[in-house]
Structure formats: structure tokens, C-alpha cells
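Examining the three-dimensional arrangement
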Amino acid sequence: MEPKKLLIMGSDLGSLDMALEGKKRGLYVITTDLMDTSPTKEASDEAWMISARDVDVLEKKCIENGIDAITTGAHDGNITCYRELCKRLNLPMYCKSDKSWAAATNKRLFKDIAISVGALVAEDYKVSDCPTDEELEKIKYPVVLKPIDCQGNMGVSYCNNGEELINAIKLVRDVSDSGVFICERQLRGKEYYVNYVLADGEVRFLSFTAEHAQPGEKVNLYSMINSTSGGLKQYLEEMNEYVVKIFKEAECTDGLAWVETILDEDGHYYLIEMGHRFGGDMMYSEYAKICGFDAVAFMMDCVLGVRHTAEDLPVSLDKAYTQMAASYHLFTRTEGKIASIEGLEEIERNPAFMVDIPRRIGNIVRYHACMGVIRIYGDNCVDLCEKVAYINSRLKIKNENGENMFIYFNDFDAITCEYNNGLRDFNLI
């Protein structure tokens, strides 16, 4: 009997994990995108040079090749195409409700749902495309202006006056398909990704992760995202029940979902946005070593049509873990061409790491673009920091001038302080 065929749309964060999981299950894995090669394509049995956005061509190709299931990674644009293709071919998908996908990709809709259930969000300001003097006079700066339909902080601006606000609106027009934006009070504080898993409409709290930027870099350029218990206890008391209500109101029933939240300087958590997909941190494989729940395998079940119930879900997170999982994101400090990569093969051979770096020698990279991610498991905080230092001492991605191109993260004091605070909150030290 021939193996079932799995099509992966795009080489993005999460797609490599699904390719490896598919191969583990004996599936025939095909990856399609316009990249000449990538870790996902190299892990697959076959590669197509068709854009994930070319749904008409892919529909015909899938019928011709007898595709049995389709999946993708953590890119909103690819998932929109994935949902359309699955509908046309009547194949299973984890994100079945149009409302749930709209809430995950429209920050205005998400914010309205959050308000409706009583969750805290930043206060809005009414601002038109061409702000009037009256509108500008009512604004108390600083504010954040962001498009409702972009991911990865694209088009987000922090504004301290009217001139900056008007320039921010122009930026939204350049990067957003809709051109619609939100203007809201700028929150200041620590940001967190909070992951959940859903089955048959039931919701379980999976993981709590903190976002860290290297000191001196942009505050929303998160080089390190790691599981933590610091801030977890307050989140459980203050926000968790509202997030569960949001997912239910948004008709999220199966798969993975997450929210991004910030612990503001006023001492309270505020919600920023949600996703109904893999989180960009993609530390699920390493976190499974801590909590015992394999989120990648769960998502593969969803796209293969395996039905899960609440009994298959993990117990909701309600305690501190001493072990840590982390994702080291390699953001560029400069644009240019990758001329050489040193130390990568040594890191890839080390079982302590899972490497997903699609950028290769000869690729042109943008300023502050992510070239890839390295996932890390640590027995404790000391072990995790030592492993990050190991990567820093070996990995070099250089441009044609011999300059290293990515931002090293070494703010180990911040991670350690947060780790210890979390253990204290749960009386573990």
C-alpha cells in the first residue's frame, strides 16, 4: 500500500517540525514554495516550486497527485491559503471556523471580542486616515499605531507626537493589505506569549513564555523566547479565564492557539493579539520534554482528520517547572548577502539543539529579518544559559565584509532573575 501524501505549504517556522513528524509516521511528504531549498524541503520526499499563494495551481496539482492531507507552518498568509485549499479539496483542517481565523488575523476583531468578555486591552483613540486637529488634540502620547492585518510587528509604530503619528499612518498604507489601523495607548512592560491547546471546543493552558530582546536593540526584537514561571501566578489569577472565554467566543475549537500579553507598568496584564496556529517561537518540541505533551504530533493529528476530545488534552498549566525550553531567533543586525556560515554543522550535530535556519549562503537578507531559529532544552536556567553561550561562541553568519550579521543574545541576568522570581512565586525556592 502506498503511503498517504502530505503537502506542506511553505518553508516557514513550524513547517520543518511537521515534515519530520510526517516522515516519522511514514507519510510521503511534499513541500511547496518558491525557495530553491530549505530545511523543510530537504527533510521532504519531494519539492514543488509553486507558491503557497497560487491556490488554483495547487488545487489541480493536489488532485493529480492524490494529496491526502495539507498543512503549513506559522505564517498567517500561508494559513489563509491552506484553509482555502482544504475547503476546495474537502480535506481536514484544524481551523474550521471563519470567525476563529478572522479573530486571529484581525486585531480589531480580536480586541472587540476581548472587550466583550471583560479582558483588559489598551485604550483606543479615534483617528481617521487624515487626522483632524481635533483628533490629534485628544491623544495622550505615547501611542502605538498598528495595522489590523499584519504579523511579526510589521507596520507597528511607536509615536510620541502628531508628526510621528501621521508618518505611521503612511507606513500602514505601505505594508497593510487593508490599510486599516488601531491607535492605542502604548503599554510598557514585559511581554509574554501564552500557548493553549484545544479539542472539541475545550481549552487547556499549555505554556507561558517570556520574550527577551538583547539590551540596546529594539524592544520588540525578541532574540530569546523562553518558558518561564516568572509572572505566571499573576497571569493565572488575572487573565487566564478571560482568554478561555475569548477562544470560545471566537469559535476556536481544535488545534493550537495563543495570545500575546504585556504586564504593563500599572501592574496589570493587557492583551495585545491572538493567533490560531503554531506560535512563532516554535519551542513545542523542547517543551514536550518538560510537560509531556507533543503539540506537533497533536497538530498532525488535526490535519490528518484524527478527532480529539477533552480527555486527550493535557492538564492546564498551574505550576512552575524548573526545566526550560527556549527559541533563539537569529535577527539580522544589518542587511546584505550571506557570504559564509561557520559553526552550524557542529551545532546541528549536537542533540541538545533543533536547528531550523532556512537562510543559506548567497541569500540576501533584510535589516532585522529573522534568518532562522535554534530550539533549546535546559535542565534548569543555568543549563539553558550555558547552551546559549555555547551557540554564541561557535555560530557566525558573515556578510561579504566579514562582519557577523546576527544579533547575539547574552542577557543571562534577565533570564535568571525572571526564572528565580517564578520559582519564588510557587514556593520552590
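It should be noted that the structure appears before, not after, this text.
Being a predicted model, the structure only gives us computed values, none of them experimental.

Here the focus is the layout of surface pockets. Its volume calculated, the second largest pocket comes out at about 170 Å³. Contributions of two or more residues to the lining of the second largest pocket are made by helix H1 (15–24) and helix H11 (284–291). The leading source of residues in the lining of the second largest pocket is H1, at four residues. In terms of residue class, the lining of the second largest pocket is made up of four nonpolar, one polar and four charged.

Mapped onto the elements, Ser100 comes out in helix H5 (residues 98–105). Since its relative accessible area comes to 1%, Ser100 is described here as buried. The residues contacting Ser100, other than those within four sequence positions of it, are Cys95, Ala250, Glu251, Cys252, Met274 and His276.

Quick look at helix H6 (residues 107–117) now. Of all the positions in H6, only Lys107, Phe110, Lys111, Ile113, Ala114 and Val117 are classed as buried. Down the axis, H6 shows its buried residues gathered within 160° of arc, on one side only. Against H5, strand S5 (143–147), strand S7 (181–185), helix H10 (240–249) and strand S12 (269–275) lie the buried residues of H6. Capping the start of H6, Asn106 holds a side-chain oxygen 2.9 Å from the backbone nitrogen of Arg108, two or three residues further along. Directly after H6, the chain includes Gly118, whose backbone phi takes a positive value near 95°.

Further remarks concern the sheet that holds S7. Taken in spatial order, the three strands make up an open sheet running S6-S5-S7, and their pairing is antiparallel. The strands lining the two open edges of the sheet, one partner per strand, are strand S6 (157–159) and S7. Direction aside, neighbouring strands of the sheet carry axes that sit 25° apart on average. With three bridges connecting them, S5 and S6 associate as antiparallel partners. Bridging across to S6, Val144 finds its partner in Tyr158. Relative to the sheet, H6 contacts S5 and S7, its axis offset from that of S7 by approximately 45°.

In the structure shown here, the tally under the stated rule is 31 salt bridges. Residue Glu21 pairs with Arg25 through a salt bridge whose shortest N-O separation is 2.8 Å. Residue classification places Arg25 among the partly exposed residues on the basis of a relative accessible area of 31%. Beyond isolated ion pairs, a larger network of salt bridges with shared partners links Arg108, Lys111, Asp112, Asp124, Lys146 and Glu184.

Calculation criteria
Residues numbered from 1 in each chain as written. Predicted model: local features only at pLDDT ≥ 70, side-chain atom pairs only at ≥ 80, totals over all residues. Heavy atoms only, no water. 1 Å grid on protein atoms, 1.4 Å probe; cavity = no way out; pocket = protein on both sides within 12 Å on 5 of 7 lines; lining within 4 Å. Points joined across faces, edges and corners; volume = space filled by probe spheres on them. Helix = DSSP H or I, 4+ residues; strand = E, 2+ residues; numbered from the N terminus. Nonpolar A, V, L, I, M, F, W, Y, C, P; charged D, E, K, R; others polar. Buried < 20%, exposed > 50% of the residue type's maximum accessible area, 1.4 Å probe, protein only. Contact = heavy atoms within 4.5 Å. Arc of directions from axis to C-beta. Polar contact = N/O pair within 3.5 Å; in protein donor to acceptor, adjacent residues only side chain to side chain. Pairing = 2+ DSSP bridges. Axes fitted to C-alpha atoms, helices over the stretch in contact; angles between N-to-C directions. Salt bridge = Lys/Arg side-chain N within 4 Å of Asp/Glu carboxyl O.

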